[in-house]
Each structure stands twice: as structure tokens, then as C-alpha cells.
Amino acid sequence: DFFTIEEIEIEGKFDISFRLSVKYAIVEFLLAFGTEDGKISIGGPFGFICKLLGRDDIKKPRFSSYEELKEILQEGFAIYEDIKAELAKM
């Protein structure tokens, strides 16, 4: 039900991990940011993070076929890649 996809270290300052949960035909993407000592300092589902940024209309994606699940996962990974790219610029 819960998968950690990737963990990367960004310039020795902090770690970022991308996780997802697939349960009851709902996909939930989660980001976790940790410090050098391995403690998670901030993180949460995409919807929660978006809410912190002023967007409260984000809903968890539902799927009814493997094709829909594939599209949802592709979009989620694309968002994660965009976040990684922006963090690498910092």
C-alpha cells in the first residue's frame, strides 16, 4: 500500500523522498524533506503542501483502470521531477 520511490540528497543540506500510497483506487503522493541528521523536518501529501501554498482545491486522484493509474503516476512523477529541478537550482 505504501512505496518509497526515491531518496536523494541535495548538496549535503537535506534529503528529499517521494512516496506514494495506493489504496482503495486512490493514489496519494507524499514528499518528505529531511535534515542532515536524518530527521524529517517537513513533508506531507501533495494536497496538504498545496494547501500550505494557498491552493485548497487539490483532491486525491482516483482510478478505475490500470491505464488511468499509469497516467496518474506519470503526472505525479513529472511533478516530483519539477520539484527536484527547482530545489537543485537553489
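For the structure, see preceding data.
Rules used throughout
Residues numbered from 1 in each chain as written. Predicted model: local features only at pLDDT ≥ 70, side-chain atom pairs only at ≥ 80, totals over all residues. Heavy atoms only, no water. Helix = DSSP H or I, 4+ residues; strand = E, 2+ residues; numbered from the N terminus. Contact = heavy atoms within 4.5 Å. Salt bridge = Lys/Arg side-chain N within 4 Å of Asp/Glu carboxyl O. Core = buried A, V, L, I, M, F, W, Y, C linked by side-chain atoms within 4.5 Å. Buried < 20%, exposed > 50% of the residue type's maximum accessible area, 1.4 Å probe, protein only. Phe/Tyr/Trp six-rings, centres within 6.5 Å; stacked < 30°, edge-to-face > 60°.

A. Structural context of the environment of G76. With respect to the helices, strands and loops of the structure, G76 is situated in helix α2 (residues 66-89). The sequence separation of G76 and E28 amounts to 48 residues, and the corresponding C-alpha distance is 9.3 Å. Residue contacts for G76: discarding those within four places in its chain leaves F18, F29 and F46.

B. Local environment of the pattern of salt bridges. According to the stated counting rule, one finds one salt bridge in the structure shown. E28 is the salt-bridge partner of K60, the closest N and O atoms lying 3.4 Å from each other. Pair noted here: K60 is in the loop between α1 (46-52) and α2 and E28 is in strand β3 (residues 26-35), with a separation of 32 residues, a long-range link.

C. Broad picture of the nonpolar core. If you look at the biggest cluster of nonpolar residues, it comprises 13 residues, and the most contacted ones within it are I16, F18, V27, F29 and L31. Secondary-structure elements contributing two or more residues to this core are β2 (14-23), β3 and α2.

D. Structural view of the packing of aromatic side chains. A full pass over the atoms with the stated rule returns five aromatic pairs. Ring centres of F18 and F77 lie 5.4 Å apart, and the angle between their planes is 65°; this geometry places the pair in the edge-to-face category. Here F77 lies in helix α2 and F18 lies in strand β2, a separation of 59 residues in the sequence. Using a relative accessible area of 29% as the deciding quantity, one classes F77 as partly exposed. Ring geometry for F18 against Y80: centres 4.5 Å apart, planes inclined by 10°, an arrangement best described as stacked. Pair noted here: F18 is in strand β2 and Y80 is in helix α2, with a separation of 62 residues, a long-range link. Pair check on accessibility: F18 and Y80 agree, each one buried.

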